[in-house]
Amino acid sequence: DQQVKQNSPSLSVQEGRISILNCDYTNSMFDYFLWYKKYPAEGPTFLISISSIKDKNEDGRFTVFLNKSAKHLSLHIVPSQPGDSAVYFCAAAVWGAQKLVFGQGTRLTINP
Amino acid sequence: AAGVIQSPRHLIKEKRETATLKCYPIPRHDTVYWYQQGPGQDPQFLISFYEKMQSDKGSIPDRFSAQQFSDYHSELNMSSLELGDSALYFCASSLRDRGFSGNTIYFGEGSWLTVV
């Protein structure tokens, strides 16, 4: 039972354009959502998060949107840069449970 | 700044053998998490420890065991290895008093286990 789903295994975007990565979840108990970025042979690094009391959180070029009724969140990167090429994991948690449930990841490639 | 250290980084074992992975959390972090990421799969939570006690358990097989020691490092022991155990094993650490949020959980670079 995949509670967190990233249906696009890969995405290619032109440098300077907007990258939009999507994530869906099924467990309505989740109230905290995170995006992690992972380079090959490295551990995931935290990118941005959002709690269920918000519908948007912005940090520089990265913005996460949360649609609770649709159980959907998305990560927007604008403008996209070559260094953004990595695998992006969506993760969800029940606040305080200290356990992350990850999606399958989306490999983002930024083309010059 | 010191990060989460995992060892060994790469390990090759034969079926039915035993493997031990080690995780050294960031100094003063009191919580350790273990995740398993199979080829082409998402990271799956295995188990976590807080102050040397098991705090949560995920999809960890009975053949696996783990513990957190007095110096807060943790070891994941895997016995009767199967081909399907080949994966990247991540350890992460956090300081519980800081609260639970993405920017307080730090991941190590992972230990690659290959079972042949």
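So, here's what we can say about the structure. Nothing here was measured: the structure is a model prediction, and the numbers come from that model. (Residues numbered from 1 in each chain as written. Chains lettered and ligands numbered in written order. Predicted model: local features only at pLDDT ≥ 70, side-chain atom pairs only at ≥ 80, totals over all residues. Heavy atoms only, no water.)

**Details of the sheet that holds strand E1 (residues 4-5) of chain A**
Pairing between the strands of a sheet is mediated by backbone hydrogen bonds and can be parallel or antiparallel.
Logical step 1: If you trace the five strands from one edge of the open sheet to the other, you get E1-E3-E8-E7-E6 (chain A), paired in antiparallel fashion. Edge positions in the sheet fall to E1 and strand E6 (56-59) of chain A, since each has one partner strand and no second. (Pairing = 2+ DSSP bridges. Helix = DSSP H or I, 4+ residues; strand = E, 2+ residues; numbered from the N terminus.)

**Here we look at unusual backbone geometry**
Logical step 1: Along the chain, Val78 of chain A connects to Pro79 of chain A via a cis peptide bond; the corresponding omega equals -5 degrees.
Logical step 2: Position of Pro79 of chain A relative to the elements: it lies in the loop between strand E8 (72-77) and strand E9 (86-93).
Logical step 3: With an omega of -10 degrees, the peptide bond running from Ser7 of chain B to Pro8 of chain B counts as cis.
Logical step 4: For Pro8 of chain B, the location among the structural elements is in the loop between strand E1 (5-7) and strand E2 (10-13).
Logical step 5: With a phi close to 80 degrees, Arg28 of chain B is a non-glycine residue in the positive phi region.
Logical step 6: For Arg28 of chain B, the position within the fold is in the loop between strand E3 (19-24) and strand E4 (31-37).

**Digging into the interface of chain A and chain B**
Logical step 1: Across the contact, 22 residues belong to chain A and 22 residues belong to chain B.
Logical step 2: With both sides pooled, the region where chain A packs onto chain B buries about 1,800 Å², and carbon together with sulfur makes up 61% of that total.
Logical step 3: At the junction of chain A with chain B, the criterion picks out zero salt bridges.
Logical step 4: Looking at the side of chain A that touches chain B, the elements with two or more residues in it are strand E4 (32-38) and E9 of chain A.
Logical step 5: Counting residues per element, the side of chain A that touches chain B draws most heavily on E4 of chain A, at four residues. (Contact = heavy atoms within 4.5 Å. Buried area = accessible area lost by both parts, 1.4 Å probe. Salt bridge = Lys/Arg side-chain N within 4 Å of Asp/Glu carboxyl O.)

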